Amino acid sequence: IGVLPQRFTWSDADLYTPMEIRPADTDLVNVLYRIRQRVSEHQIAAEFEPLFAQFRYQMPRWLYPAGPFHAGFVNIRNAVVGKFENTLLALFAAVTVLLLIACSNVANILLARASAREAEVELRVALGASRGRLIRQMLTESVVLGMAGCAPGVLLARLATRAAVTLLPPSLFPHEASITMNWQVLWFAIAASLLTGLAFGLFPALQLSNREHLEAFRATGKGSGLGRSRYRVQHLLIVAEISLSFTLLAATAMAVHALVAFQRVSLGYD
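We now turn to the structure provided with this report. Since the model is a prediction, treat every value here as computed from it, not as a measurement.

The next point concerns the overall build of the chain. Of the regular secondary structure elements, the chain holds eight helices and zero strands. Shown N-terminal to C-terminal, the secondary structure of the chain runs as helices and strands in the order α-α-α-α-α-α-α-α. Out of the 270 residues belonging to the chain, those deemed buried represent 20%. Accessible surface for the chain amounts to roughly 20,400 Å². Of this, 65% is attributable to carbon and sulfur atoms.

So, about a nonpolar patch on the surface. Taken together, the side chains of Met19, Val29, Val31, Tyr33, Ile35 and Val39 make up a nonpolar region of the molecular surface, amounting to roughly 550 Å² of accessible area. By the element assignment, Val39 lies in the segment before helix H1 (41-58). For Val39, a relative accessible area of 34% corresponds to the partly exposed category.

Let us look at helix H4 (residues 118-126). When H4 is considered as a whole, its buried residues turn out to be Glu118, Val121 and Glu122. The buried residues of H4 occupy one face: seen down the axis, they fall within an arc of 100°. Residue Gly128 follows H4 closely and has a positive phi angle near 110°.

Here we come to the side chain of Ser104. Structurally, Ser104 can be placed in helix H3 (residues 85-116). Judged by relative accessible area, Ser104 falls into the buried class, the value being 5%.

Attention now goes to the nonpolar core. Within the largest apolar cluster, six residues are counted, these being Val121, Leu134, Ile135, Met138, Leu139 and Ala205. Counting residues per element, this core draws most heavily on helix H5 (residues 131-167), at four residues. Here Leu139 is in contact with Leu198, Gly201 and Leu202, once residues within four sequence places are set aside.

So, about the packing of aromatic side chains. Counted according to the given criterion, the structure contains one aromatic pair. Taking 6.1 Å as the distance between ring centres and 45° as the angle between the ring planes, the aromatic pair formed by Phe92 and Phe188 counts as tilted. Of the two residues, Phe92 sits in helix H3 while Phe188 sits in helix H6 (residues 183-208), which places them 96 residues apart along the sequence. Since its relative accessible area comes to 47%, Phe92 is described here as partly exposed.

In this fold, Ser142 is placed in helix H5. A relative accessible area of 7% places Ser142 in the buried class.

Within the element layout of this structure, Ala107 appears in helix H3. Ala107 gets classed as buried once you look at its relative accessible area, which sits at 3%. Look past the residues within four positions of Ala107 in its chain and what remains in contact with it is Phe200 and Leu237.

Let's shift gears to H5. With 37 residues, H5 extends 54 Å between its outermost C-alpha atoms, agreeing within 8% with the 54 Å of an ideal straight helix rising 1.5 Å per residue. Residues of H5 that are buried: Leu134, Ile135, Met138, Leu139, Ser142, Val143, Gly146 and Cys150.

Here the focus is the environment of Ala93. Mapped onto the elements, Ala93 comes out in helix H3. On a C-alpha basis, the gap between Ala93 and Leu248 in space is 9.4 Å, while along the polypeptide they are 155 residues apart.

What follows covers the environment of Val74. Looking at the secondary structure, you find Val74 in the loop between H1 and helix H2 (76-81). Here the alpha-carbon distance between Val74 and Ala45, two residues 29 residues apart in the chain, equals 9.7 Å.

In this structure, Arg38 takes a positive phi of about 65° despite not being glycine. Mapped onto the fold, Arg38 is located in the segment before H1. The exposure class of Arg38 is exposed, given its relative accessible area of 80%.

Reading the values: the criteria
- Residues numbered from 1 in each chain as written.
- Predicted model: local features only at pLDDT ≥ 70, side-chain atom pairs only at ≥ 80, totals over all residues.
- Heavy atoms only, no water.
- Helix = DSSP H or I, 4+ residues; strand = E, 2+ residues; numbered from the N terminus.
- Buried < 20%, exposed > 50% of the residue type's maximum accessible area, 1.4 Å probe, protein only.
- Areas by Shrake-Rupley, 256 points an atom, 1.4 Å probe, with all protein chains shown as cover.
- Patch = residues over 30% accessible without salt bridge, like charges linked within 9 Å, V, L, I, M, F, W, Y side chains within 5 Å.
- Salt bridge = Lys/Arg side-chain N within 4 Å of Asp/Glu carboxyl O.
- Arc of directions from axis to C-beta.
- Core = buried A, V, L, I, M, F, W, Y, C linked by side-chain atoms within 4.5 Å.
- Contact = heavy atoms within 4.5 Å.
- Phe/Tyr/Trp six-rings, centres within 6.5 Å; stacked < 30°, edge-to-face > 60°.
- Expected span 1.5 Å × (residues − 1).

Right under this line is the structure:
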């Protein structure tokens, strides 16, 4: 037929030859088509429906049931990944909740650390540092902290993906399918790290660089504490952490319960 990739479909055969399908054949044949771009699923189904209808009348009755007959279109991605789509979406939601819990925890640590840096900030202001420069410095520290968490996370995800692929049955995916981290996933992880670093480092930076706060510190000569606003934010973060943790635990318990229930379903035979 032509020169094909080294890894092609499920069989990786060395040679492909044309096959003649005769009405008397009773062997089932799976046929895969490469669809031209900008062709809709409805166009494909409409083109194949009369062909399948004619083929059905030429085949034995036991092969195709009587009654209305319709051709449907299913691509390989939907046929293979579609059955896992809800599971992947639930897993993505769980990872998002876990990310929010971790970010809330880090934000609380940054707020607590801010009270210990009041003297350092006052010294920088005395040396001529502007508020904008202080905010840039502390946001840079937060972003570096976020990227420091992103790097080992991406490495762990890459290793875990390779390990998961080795555990998948060989017949589940066509061999030319490459299951690995792609650039979209990598950029999403980097963007999430940058945004979380900026979002959860912004409030401590604004609080520490507040001129009224620095003047109060200068007047008392000692740390003025977190202040009501910072205490309020810390309490809100703690409540959010606990709420998200309970939500994640409840969802996990429901998933485990469903898995145990599926394993105990009687199939009707030994």
